[in-house]
Amino acid sequence: TSCSVSQVTVCCQYVALREEAIKHASLRNSYFEQSTNAYLNGNKEGATQLAQMARSHDAEMVRLHALAADCIFDARNKNLDENVIDLHGLHVQEAY
């Protein structure tokens, strides 16, 4: 199938948003692991700071996934009949 320029642009935005969200998920996981290690080593203040950084990356990941979901949902559904929706590209929890 062929894609219009706008479809390619939407696809690229969608992929870029998902990739950036995945980077934040990885950083979140790393900071939570560092936080756990700091806590186990008796550094509660450091653990708290690291956990806050992890939560910040988690919030950014959630925001980026939501933007990607909106982007792909809008692109896939803009020319469909009102009784039809296309959920391709959405994560399961985003399709609810």
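Here the structure is a predicted model, which means the values were calculated and not measured.

**Q** Lay out the pattern of salt bridges in plain terms, naming residues and giving numbers.
**A** Here the structure, examined in full by the defined rule, presents four salt bridges. With a closest N to O distance of 3.9 Å, Glu20 and Lys23 form a salt bridge. Taken together, the residues span about one helical turn, with Glu20 and Lys23 both in helix H1 (residues 5–40) at a distance of three residues. Residue Glu20 is classed as partly exposed on the basis of its relative accessible area of 33%. The salt bridge partner of Arg28 is Asp58, with a shortest N-O separation of 3.0 Å. With Arg28 in helix H1 and Asp58 in helix H2 (residues 44–77), the pair connects residues that are 30 residues apart, well separated along the chain. Using a relative accessible area of 18% as the deciding quantity, one classes Arg28 as buried.

Cut-off values and rules
- All residue numbers refer to positions counted from 1 along the written sequence of the respective chain.
- Per-residue local features are limited, in this predicted model, to residues with pLDDT of at least 70; the limit for side-chain atom pairs, both in listing and counting, is 80 or more; totals at the level of whole chains, interfaces and linings are taken over all residues.
- The side-chain numbers reported here are obtained from all heavy atoms of the structure, hydrogens and water having been left aside.
- One speaks of a salt bridge when a side-chain nitrogen belonging to Lys or Arg is within 4 Å of a carboxyl oxygen belonging to Asp or Glu.
- Going along the chain from the N terminus, every DSSP run of H or I of four or more residues is numbered as a helix, and every run of E of two or more is numbered as a strand.
- Note on exposure labels: buried denotes an accessible area under 20% of the residue type's maximum, exposed denotes more than 50%, and partly exposed covers the range between, all computed with a 1.4 Å probe on protein chains only.

From the geometry alone we can't say anything about function, so treat these as descriptive.
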